[in-house]
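Per-entry structural report
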Amino acid sequence: MMISTDVLVIGAGLAGERVAIEVASRGFKVILVSLVPPRRSHSTAAQGGMQAALGNMTKSHGDSPDVHFEDTVKGSDWGCDQDVARLFVILAPVAARQTAYWGLPWSRVVAGKRQMPDGEVVEELAEMEGLIAARNFGGTKKWRACYASDGTGHALMYTLDNVVLQLGVEVHDRVEALALVHDGQRCYGAIVRDLRSGQLRTYLARAIVIATGGHGRIYGRSTNGIINEGTGMSLALDTGVVPLGNMEAVQFHPTGVVPGDILVSEACRGEGGYLLDKNLGRFMPEYEPAKKELASRDVVSRRMVQHIRRGFGVDTPYGPHLWLDIRHLGKKHIEANLKEVATICRDFLGIDPIDEPIPVRPTQHYSMGGVRTDINGRTYGLAGLYAAGEAACWDLHGFNRLGGNSVAETLVAGMVVGKSVTQDLEWLDIPYSESVAAALATEARFRVEERLRRLMAGGPESVHALRKEMSDTLMEKVGIFRNKKDLTEAVDKLVELHRRAKRLGLRSSVVGPNPELAAALRLPGMIRLAITIAYGALMRTESRGSHYREDYTYRDDVNWLKRTLATWPSPADLPSLSYEPVRITELPPGERGYGEGKVLTEKEHVRG
């Protein structure tokens, strides 16, 4: 089956749908392809809020895009593209207000006085009554995270999906893209497998957008949904010409529940929650006296692990954990502003956070790395291919993402990339031959069919066993703390797994709804992503944001103020790494203002 359209968007979460809205509203035909129905996308799980400098709260007074820009750059540990950060902070308020126009039920400012958990009394002004409210999030100077209780992603996803339906965008769900159709210079479409029937479809388009989200499940212990396996990143890496950027930049969220690793929102700490140790002592003021629990995520995660290493963790059969305490916020506040957190605790842990502390530990959460694009979302390497959201390295986040910036990024990047796609289609004379595209699609389909035949023929290796070894290797050796010995061992182990993955066999021969087959088709690409992460981390001999080397504990701006670019020339065992400088356009590198990281100056570097 061959299907043609103007624009093919792979992934129907917030970023994918926002691209589709922008393109469809300008009269182009768009098809969204997705593993799941859009309202089941992982975007729905976002809880705490989206960052936009609206300045409606008393604690937001004085906020502006300039302050948001500074927070974002410092949060990234000077690893982000500052042109992108500037564009983002300007458009984020536009995106927030636009979703309100579309009907999103933002939590609103309520005038009057209220007492904060630390005893401070805050008065919200009468003239701000009814405007979009904001809450505190880590790493920010002002209250900036707009929220819809603690179901922000759910509210956004349903709102955008309504607009998609109104615009008549086609959504083809329960399908998975297995390969891009390209000639090494231009992308023409994708080969897609129907997860219900097992049949292959060929999609041809003048523009293709990757918006498949993150890769969290390659780590196994992750807050990500089970569909977040880095599919879009794998598709790009497999072209051999499109680079992935900063794949070693992997974020761990401080508060995944134990057991299960389901996220409990940063809003818990933003609303005044505390982190406690096994003695029920609050420890973050000892490490971070200024920011406490609201330092950036990379810093809080490291401090938690340091505290556990000192013997203050709560021992359990699932490993040591700490406590997140929101009991002092009170039942009324929790039920109004953290009701989803309460539901997660009751349904999955059997505890009530109104009366009991929540067991938490740092858990893989987000990929700052992804398909490298320019500021307009065009990928490096292939014309006609774009990327948006967590699947992309735009590069807004550098080496650490601030909470709430990713939700805002899905909307802002969707606006920007959608506009870029339509401008390219309208104004640029991009060579496009349907006959060439069809011929390339036939070749790509043949390669996919050959992979299927090899799997069906059977081999000695188990997809589930190899996947567990991959996940365990990443968690144990490419985690919050990294060093040369562990990273070297991780690379060697993952290369071995990649070789073994060529001998995968299936226990089931069903070609339709077969989870084992789907997992086997994805696994080699997942292992290549894992190798790219570990190898990039091994080569980067510094500490920056979430990438913390115990053997190089300083940030080295002399040698490493640059972005890693990784391509995979087939049939190599390792990716090819190159580097591009990080553009500093406004805010020169300096201290972040929190965390233990040391910055190595040029003078110190020369002194040796």
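The paragraphs below set out a description of the structure included in this document. (Residues numbered from 1 in each chain as written. Predicted model: local features only at pLDDT ≥ 70, side-chain atom pairs only at ≥ 80, totals over all residues. Heavy atoms only, no water.)

**Brief notes about the pairing of strand 13 (residues 250–257)**
Most of strand 13 sits out of view: eight of its eight residues are buried. Note that strand 13 and strand 16 (residues 358–367) share six bridges and pair antiparallel. Directly across from Gly256, in strand 16, lies its bridge partner Arg361. (Buried < 20%, exposed > 50% of the residue type's maximum accessible area, 1.4 Å probe, protein only. Helix = DSSP H or I, 4+ residues; strand = E, 2+ residues; numbered from the N terminus. Pairing = 2+ DSSP bridges.)

**Regarding the pattern of salt bridges**
A side chain of one charge can pair with a side chain of the opposite charge if their charged atoms are brought near each other. The full count for this structure, using the stated rule, is 60 salt bridges. Among the ionic pairs, Asp472 bridges to Lys468, the shortest N-O distance being 2.7 Å. One end of the pair is Asp472 and the other is Lys468, both in helix 13 (residues 463–477) and four residues apart, which spans about a single turn. For Asp472, a relative accessible area of 30% corresponds to the partly exposed category. Across the pair Arg555 and Asp557 runs a salt bridge, and its minimum N-O distance is 2.7 Å. Asp557 carries the same exposure label as Arg555, and that label is buried. A cluster of three or more residues bridged by salt bridges with shared partners is formed by Asp77, Glu248, Asp298, Arg302, Arg540, Glu542, Arg544, Arg555, Asp557 and Arg592. (Salt bridge = Lys/Arg side-chain N within 4 Å of Asp/Glu carboxyl O.)

**Quick notes on the sheet that holds strand 23 (residues 562–567)**
The mixed open sheet is built from five strands, whose spatial order is 19-17-12-23-24. With one partner strand each, in any of the chains shown, strand 19 (392–393) and strand 24 (576–581) form the two edges of the open sheet. Together, strand 12 (244–245), strand 23 and strand 24 form the strand contacts of helix 15 (residues 515–539), whose direction differs from that of strand 24 by roughly 60 degrees. (Contact = heavy atoms within 4.5 Å. Axes fitted to C-alpha atoms, helices over the stretch in contact; angles between N-to-C directions.)

**Describing the packing of aromatic side chains**
Inspection of the entire model under this criterion finds five aromatic pairs. Ring plane angle 85 degrees and centroid distance 6.5 Å describe the contact between Tyr552 and Tyr554, whose orientation is recorded as edge-to-face. Take Tyr552: its relative accessible area is 27%, and that puts it in the partly exposed class. The positively charged end of Arg135 is found above the aromatic ring belonging to Tyr147, 3.8 Å away from the centroid. (Phe/Tyr/Trp six-rings, centres within 6.5 Å; stacked < 30°, edge-to-face > 60°. Lys NZ or Arg CZ within 6 Å of the ring centre and 35° of its normal.)

**Digging into the environment of Ile527**
The residue Ile527 is located in helix 15 in this model. A relative accessible area of 0% means that Ile527 is categorised as buried. Spatially, the C-alpha atoms of Ile527 and Met470 are 6.9 Å apart, while their sequence positions differ by 57 residues. With residues up to four places along the chain from it excluded, the contact list for Ile527 reads Met470, Leu494, Leu497, His498 and Ala501.

**What about the packing of helix 13 against helix 14 (residues 484–500)?**
Two elements in contact, helix 13 and helix 14, have axes separated by 10 Å at closest approach and are oriented at 170 degrees. In this view, helix 13 runs roughly antiparallel relative to helix 14, as classed from their interaxial angle. Residues Leu466, Glu469, Met470, Thr473, Leu474, Glu476 and Lys477 of helix 13 pack against Asp486, Leu487, Glu489, Ala490, Lys493, Leu494, Leu497 and Arg500 of helix 14. Here the residues of the contact of helix 13 with helix 14 sort into seven nonpolar, one polar and seven charged. (Parallel < 35°, antiparallel > 145°, perpendicular 65-115°, else oblique. Nonpolar A, V, L, I, M, F, W, Y, C, P; charged D, E, K, R; others polar.)

The analysis is restricted to geometry; functional conclusions fall outside its scope.
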